[in-house]
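Single-letter residue listing:
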Amino acid sequence: GRGPWEGLHAEPIVDIDYFPVCGPALAAAEPPLREPADLARHTLIHIAQTPDAWAVWLREAGVPDLAPRRAMTYDHVGIALSAAASGQGVALSTELLCDSWLHDGRLCRPLPQRARSPETYHLVCRPEGLDDPRIAALRDFLIEGLAPYDALRASAVAQ
């Protein structure tokens, strides 16, 4: 989310940048997918929890008024990524959510452009919970576990 949440401590844990992903067959097929404007000839896959993600990405990529051939929305990111992997269209994702899909070749990144999400993952708790060693341990675990993704995102942004 974006925070802040009234009456709660909210601490951003990792920044999120998203980028287009699709199945390798779709990326290699006609019509070509070589630049952001090419998305007009493809289906954009939306995720219900992040309804503005494509609008943000398209604006950052310089094609804010792009109208895709078709759009579909899924309620769950896993279903959206499966749809993209099967060639149904192009979805937006992050390293955190699709790293294994990219690594094993089920998904590819047809375009290099990224956009910073206005939302991020937060540790959220009641303010008095900050003194609880279990919450401190969870916070440290999350920060340590997500550090590789944050570093990967930062290095990709710098390129």
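Data block above holds the structure.
Residues numbered from 1 in each chain as written. Predicted model: local features only at pLDDT ≥ 70, side-chain atom pairs only at ≥ 80, totals over all residues. Heavy atoms only, no water.

**Q** When you look at helix α4 (residues 95-103) in this model, what are you seeing that I'm missing?
**A** Along an α-helix, residues three or four positions apart point the same way, because every turn accommodates 3.6 residues. Those residues of α4 lying buried are E95, C98 and W101. For α4, the angular spread of buried residues about the axis comes to 135°, placing them on one side. Phi turns positive, to about 85°, at G105, one or two residues after α4. (Buried < 20%, exposed > 50% of the residue type's maximum accessible area, 1.4 Å probe, protein only. Helix = DSSP H or I, 4+ residues; strand = E, 2+ residues; numbered from the N terminus. Arc of directions from axis to C-beta.)

**Q** Please clarify how the packing of aromatic side chains should be interpreted in this entry.
**A** Here a ring pair, both rings aromatic, is described through the centre-centre distance and the interplanar angle of the planes. Under the counting rule described, the total for this entry stands at 1 aromatic pair. Between W54 and W57, the ring centres sit 5.6 Å apart and the planes meet at 80°, which makes this aromatic pair edge-to-face. Placement of the pair is W54 and W57 together in helix α2 (residues 53-60), with a separation of 3 residues, close to one helical turn. Each member of the pair, W54 as well as W57, carries the same accessibility label: buried. Between the NZ or CZ atom of R106 and the centre of the ring of W101, over which it lies, the distance is 4.1 Å. Here the guanidinium or amino end of R109 rests over the ring plane of F19, the centre of that ring lying 3.9 Å away. (Phe/Tyr/Trp six-rings, centres within 6.5 Å; stacked < 30°, edge-to-face > 60°. Lys NZ or Arg CZ within 6 Å of the ring centre and 35° of its normal.)

**Q** Help me understand the layout of surface pockets, please; the structure alone is not making it clear to me.
**A** A probe as big as a water molecule, rolled over the atoms, marks out the empty space that is left. Taken as a whole, the largest pocket spans an internal volume of roughly 510 Å³. Along its surface, the largest pocket is lined by 25 residues, and Y18, Q49, T50, S117 and E119 are the ones closest to its centre. The set of elements that each furnish at least two residues to the lining of the largest pocket consists of β3 (43-47), α2, β5 (90-93) and β7 (121-125). When its residues are assigned to classes, the lining of the largest pocket shows 13 nonpolar, 9 polar and 3 charged. (1 Å grid on protein atoms, 1.4 Å probe; cavity = no way out; pocket = protein on both sides within 12 Å on 5 of 7 lines; lining within 4 Å. Points joined across faces, edges and corners; volume = space filled by probe spheres on them. Nonpolar A, V, L, I, M, F, W, Y, C, P; charged D, E, K, R; others polar.)

**Q** Explain the sheet that holds strand β6 (residues 115-116) here, please?
**A** By way of backbone hydrogen bonds, the strands of a sheet pair with one another, either parallel or antiparallel. A sheet is described by the order of its strands in space; here 5 strands give the open sequence β4-β3-β5-β2-β6, paired in mixed fashion. Unpaired on one side and paired on the other, β4 (70-74) and β6 mark the two borders of the sheet. As paired strands, β3 and β4 are joined by 5 bridges and run parallel to one another. Bridge assignment links L44 to a residue of β4, and that residue is A71. Here α4 sits on the sheet and contacts β2 (17-21) and β5; the angle it forms with β2, its principal contact strand, is near 35°. (Pairing = 2+ DSSP bridges. Contact = heavy atoms within 4.5 Å. Axes fitted to C-alpha atoms, helices over the stretch in contact; angles between N-to-C directions.)

**Q** In this structure, what is going on with the state of the cysteines? I would like to understand it.
**A** Every disulfide links exactly two cysteines, by a covalent bond between their sulfur atoms. Within the structure shown, the criterion is met by 0 disulfides. No disulfide involves C98; its nearest neighbouring cysteine sulfur is the one of C108, lying 10 Å away. (Disulfide = S-S within 2.5 Å.)

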